[in-house]
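# Fold and geometry: a report
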Amino acid sequence: MGLDLAYLAAGKIDAVIAPNAMQASIAAGILLVKEAGGMVLDIEQKDTRTEDLKMVLNSGNLMAVNFNLSQKIAKVLK
């Protein structure tokens, strides 16, 4: 999972969807994505314009994308 998030931060992939991810496996990757300008959202999150990292870490349901894709992927997942 951490490597997937590193690839996203590097721009090698466009999105990462990870239901039930463990906190230890996503914590460093979240930092990489945030520093690269990406968004980290909860899959069940209603408002995809803002992030709730506490919600992501508590649920483990991760969606990491750029802002443009966040709206589109959220629609597909619902």
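Refer to the preceding data block for the structure.
Here's a quick rundown of the structure. (Residues numbered from 1 in each chain as written. Predicted model: local features only at pLDDT ≥ 70, side-chain atom pairs only at ≥ 80, totals over all residues. Heavy atoms only, no water.)

## Topic: the side chain of aspartate 42
Relative to the assigned elements, aspartate 42 resides in strand β2 (residues 39-42). From its side chain, aspartate 42 meets the backbone nitrogen of glutamate 44 in a polar contact 2.8 Å long. Only 2.3 Å separates the side chain of aspartate 42 from the side chain of serine 59, close enough to count as a polar contact. Non-local contacts of aspartate 42, meaning those with residues more than four positions away in its chain, are made with Met55, Val56, Ser59 and Asn61. (Helix = DSSP H or I, 4+ residues; strand = E, 2+ residues; numbered from the N terminus. Polar contact = N/O pair within 3.5 Å; in protein donor to acceptor, adjacent residues only side chain to side chain. Contact = heavy atoms within 4.5 Å.)

## Description of the pattern of salt bridges
All chains considered together, the criterion is met by one salt bridge. One salt bridge connects lysine 34 with glutamate 51, and the closest N-O pair in it is separated by 2.5 Å. One end of the pair, lysine 34, is in helix α2 (residues 23-35); the other, glutamate 51, is in the loop between β2 and α3 (53-59), with 17 residues separating them in the sequence. Residue lysine 34 is classed as partly exposed on the basis of its relative accessible area, which comes to 29%. (Salt bridge = Lys/Arg side-chain N within 4 Å of Asp/Glu carboxyl O. Buried < 20%, exposed > 50% of the residue type's maximum accessible area, 1.4 Å probe, protein only.)

## So, the environment of alanine 36
Tracing the backbone through its elements, the reader meets alanine 36 in the loop between α2 and β2. Residue classification places alanine 36 among the partly exposed positions, given a relative accessible area of 46%. Put simply, alanine 36 and alanine 15 are 21 residues apart on the chain and 13 Å apart in space, counted from C-alpha to C-alpha.

## Structural notes on the sheet that holds β2
Ordered in space as β1-β3-β2, the three strands form an open sheet in which the pairing is antiparallel. Across the chains shown, the open sheet's two edge strands, defined by having one partner strand only, are β1 (15-18) and β2. Strand-to-strand twist across the sheet, computed as the mean angle between neighbouring axes with direction ignored, equals 15 degrees. Pairing geometry for β1 and strand β3 (residues 62-65), over four bridges, is antiparallel. Note that in β3 the partner of isoleucine 17 across the bridge is methionine 63. Lying on the sheet, α2 is in contact with β2 and β3; it crosses β2 at an angle near 130 degrees. (Pairing = 2+ DSSP bridges. Axes fitted to C-alpha atoms, helices over the stretch in contact; angles between N-to-C directions.)

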